[in-house]
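Chain by chain, the residues run as shown.
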Amino acid sequence: MRALIQLLKSHPAVSAPKGTRAVAGASLGIFVTGVLAAAFNEQNPANPGLIAPMGAAAVLLFATPSSPLARPWPVLGGSLVSAIAGVSVTQHVANVPSAAALAVGLAMGMMVLFRCLHPPGGAIALAAVLGGPSIHQLGYNFVVWPVLGNALLLLASAVAFNTITGRVYPNSYKPCRDSSVADEFHQCESGLRTDELNELKDCGQVTDVDQHDLQLMELRSDGQNARRGVCRDAATSDNVSMPPDYTLTQALSLLRNCHVAALPVTNDRGTVIGIVMLTDPG
């Protein structure tokens, strides 16, 4: 029973601002892609415009843009090789269930080989098999349009929307810029080497985390440990103090995190030159 409850547990909650931004971005991205696809198809309305797998791609691009599965190369490369796999299998295998199985399997193999794993790619390969005569008659043109065309339009929408709303996409990882850790505890780089981070990531299966994510989590963990250590020292030692170059914000944060009402301020020689308190002593 406990195992069943664990399986049925819901996904961690998403904050309202992040959820709203993701919903708005995905809706706008699909709308823009659909409108431009329809305009592109005016001369040949028989060609498909917007294809269903782009809905899954939109979820990744706008809800989890920092995911390795949502970066530009997986979006474009994964869509491209999956379409090629689907069309190739369709042209050589007549039995639909067999073609569907082979198309998805081949698409996954190619995405792993070219390091562009993208979940909607499986749906693209399947669409090439199950799309019917209108898709089958396109042959390898299906790879260029609608697949690659849709992917480019949706990717451009994601870049534009995330830029406008203040979120960097594609992500440029700079863990040392995590001010909550670096400024307060002077943590400017991860303590683990790249090969050690890769070993942590290698857990025998494909993960939706890369070494940059692990590095950032390590920095934040170090920051939490530093806070706990300082707080324990503040509660048990008279020698704990803060340097004079702490800002008021840093001092207030330290006092609150440590649950103390006052801490001395000392210079480089350890001489007490003042005291910071949460309340007015007068």
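Quick note: structure is the one above.
The text that follows walks through the structure, step by step, so that each part is easy to find. (Residues numbered from 1 in each chain as written. Predicted model: local features only at pLDDT ≥ 70, side-chain atom pairs only at ≥ 80, totals over all residues. Heavy atoms only, no water.)

This part is about the pairing of strand S2 (residues 272-277). Strand direction decides the pairing type here: strand S1 (residues 262-266) and S2, joined by five bridges, are antiparallel. Across the sheet, Thr266 pairs through a bridge with Val272, a residue of S2. Where S1 folds back onto S2 in an antiparallel hairpin, the turn is made up of five residues, including Gly270, whose phi is positive at roughly 85°. (Pairing = 2+ DSSP bridges. Helix = DSSP H or I, 4+ residues; strand = E, 2+ residues; numbered from the N terminus.)

The subject of this paragraph is the nonpolar core. Membership of the largest hydrophobic core comes to 23 residues, with the highest contact counts inside it found for Leu61, Phe62, Phe142 and Leu154. For this core, the secondary structure elements donating two or more residues are helix H3 (53-63), helix H4 (72-92), helix H6 (120-130) and helix H8 (141-164). Listed in part, the 12 residues of the second largest apolar core include Ala100, Ala107, Met110 and Cys116. (Core = buried A, V, L, I, M, F, W, Y, C linked by side-chain atoms within 4.5 Å. Buried < 20%, exposed > 50% of the residue type's maximum accessible area, 1.4 Å probe, protein only.)

It is worth spelling out H8 at this point. For H8, spanning 24 residues, the distance from its first C-alpha to its last is 34 Å, which sits close to the expected 34 Å at 1.5 Å a residue. Roughly 30° is the biggest bend found in H8, and it falls at Leu148. Looking one or two places after H8, you find Gly166, whose phi comes out positive at around 85°. (Expected span 1.5 Å × (residues − 1). Bend = angle between axes of the 7 residues up to and from the residue.)

To continue, consider the packing of H3 against H6. Contact geometry of H3 with H6 gives a least axis separation of 8 Å together with a crossing angle of 175°. With respect to their mutual orientation, H3 and H6 come out roughly antiparallel. For the pair H3 and H6, contact is made by Pro53, Met54, Ala56, Ala57 and Leu60 and by Pro120, Ala123 and Ile124, respectively. When its residues are assigned to classes, the contact of H3 with H6 shows eight nonpolar, no polar and no charged. (Axes fitted to C-alpha atoms, helices over the stretch in contact; angles between N-to-C directions. Parallel < 35°, antiparallel > 145°, perpendicular 65-115°, else oblique. Contact = heavy atoms within 4.5 Å. Nonpolar A, V, L, I, M, F, W, Y, C, P; charged D, E, K, R; others polar.)

A separate point is the environment of Leu254. Positionally, Leu254 belongs in helix H12 (residues 248-258). Its relative accessible area of 7% is what places Leu254 among the buried residues. In this structure, the C-alpha to C-alpha distance between Leu254 and Met242, residues 12 residues apart in sequence, is 8.9 Å.

Here we come to the packing of aromatic side chains. Within this structure, the stated rule accounts for two aromatic pairs. Seen in terms of ring centroids, Phe40 and Trp145 are 4.3 Å apart; in terms of plane orientation they differ by 40°. Their pairing is tilted. In this pair, Phe40 is assigned in helix H2 (residues 16-40) and Trp145 in helix H8, connecting sequence segments 105 residues apart. Exposure remark for Phe40: the relative accessible area of 54% places this residue in the exposed category. Ring centres of Phe62 and Phe161 lie 5.8 Å apart, and the angle between their planes is 75°; this geometry places the pair in the edge-to-face category. Within this pair, whereas Phe62 is found in helix H3, its partner Phe161 is found in helix H8, the two being separated by 99 residues in sequence. Neither Phe62 nor Phe161 differs from the other in exposure class; each is buried. (Phe/Tyr/Trp six-rings, centres within 6.5 Å; stacked < 30°, edge-to-face > 60°.)

With that settled, consider the side chain of Asn41. With respect to the helices and strands, the residue Asn41 is situated in the loop between H2 and H3. Taking relative accessible area as the criterion, Asn41 reaches 7% and is therefore assigned buried. Looking at Asn41, its side chain comes within polar contact range of the side chain of Trp145, at 3.2 Å. With near-sequence residues (within four places) excluded, Asn41 lies in contact with Asn47, Pro48, Gly49 and Trp145. (Polar contact = N/O pair within 3.5 Å; in protein donor to acceptor, adjacent residues only side chain to side chain.)

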